[in-house]
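Report on the structure
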Amino acid sequence: MSPVTGLAQAERNGSDLADFVRAIGDAVVVSDPDGAITVWNAAAERIFGFSAAEALGQSLDLITPERHRRRHWDGYAKTMRTGVTRYGAETLRVPALHKDGRQLSIAFTVGMVRDASDRVTGIVAVIRDETERWAEEKRLRQRVAELEASSDPARRAP
């Protein structure tokens, strides 16, 4: 069963899964073995700016910065081939793209989507936009560096 079929089936059955995917504040993005987007919830729309109609069926290149695509696709192909992700429950932090072209800083976890026979049918990512947090941390690091420089007697002007 594909991720789309699974979600559609869950919706028909009134499943809590479909309600969860719709209601969660983090983006839920599922892609098939070829990297085409098959699930795109309301939070993904809010974070990335693309409607579900614009995103569904599109390649993950939609939100992957060009300079990161080769590495992304190399890892994606290996994961699809082996059925194993080296990241497991590890939170990944990477840049992403918004519809308007601006760069985002996202954090996400990934998991394998499998059918009843344990065949990998895709990858699910639960994504959070950390652009503001990352920018604030950068400002704080810069301010600490400035304060340290101003308090260092060797760096002060005579």
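Refer to the preceding data block for the structure.
Quick summary incoming for the structure in this document. Note that this is a predicted model, so its numbers are computed, not measured.

Relative to the assigned elements, Asp-115 resides in the loop between β4 (103–114) and β5 (120–129). Owing to a relative accessible area of 14%, Asp-115 belongs among the buried residues under this scheme. Within the structure, the side chain of Asp-115 is placed 2.9 Å from the backbone nitrogen of Arg-119, a separation counted as a polar contact.

Attention shifts here to the sheet that holds strand β1 (residues 27–31). The strands making up a sheet associate through backbone hydrogen bonding, with each pair oriented either parallel or antiparallel. Pairing within the open sheet is antiparallel, and its five strands lie in the order β2-β1-β5-β4-β3. Where the open sheet ends on each side, the last strands, each with one partner, are β2 (37–40) and β3 (92–97). Across the sheet, the mean angle from the axis of one strand to that of its neighbour is 35°, orientation sign disregarded. Sheet topology places β3 next to β4; six bridges connect them, and they run antiparallel. Bridge pairing links Leu-97 to Gln-103 in β4. Along the sheet face, helix α5 (residues 66–82) touches β1, β3, β4 and β5 and points at about 140° away from the line of β5.

Procedures and definitions
- Residues numbered from 1 in each chain as written.
- Predicted model: local features only at pLDDT ≥ 70, side-chain atom pairs only at ≥ 80, totals over all residues.
- Heavy atoms only, no water.
- Helix = DSSP H or I, 4+ residues; strand = E, 2+ residues; numbered from the N terminus.
- Buried < 20%, exposed > 50% of the residue type's maximum accessible area, 1.4 Å probe, protein only.
- Polar contact = N/O pair within 3.5 Å; in protein donor to acceptor, adjacent residues only side chain to side chain.
- Pairing = 2+ DSSP bridges.
- Axes fitted to C-alpha atoms, helices over the stretch in contact; angles between N-to-C directions.
- Contact = heavy atoms within 4.5 Å.

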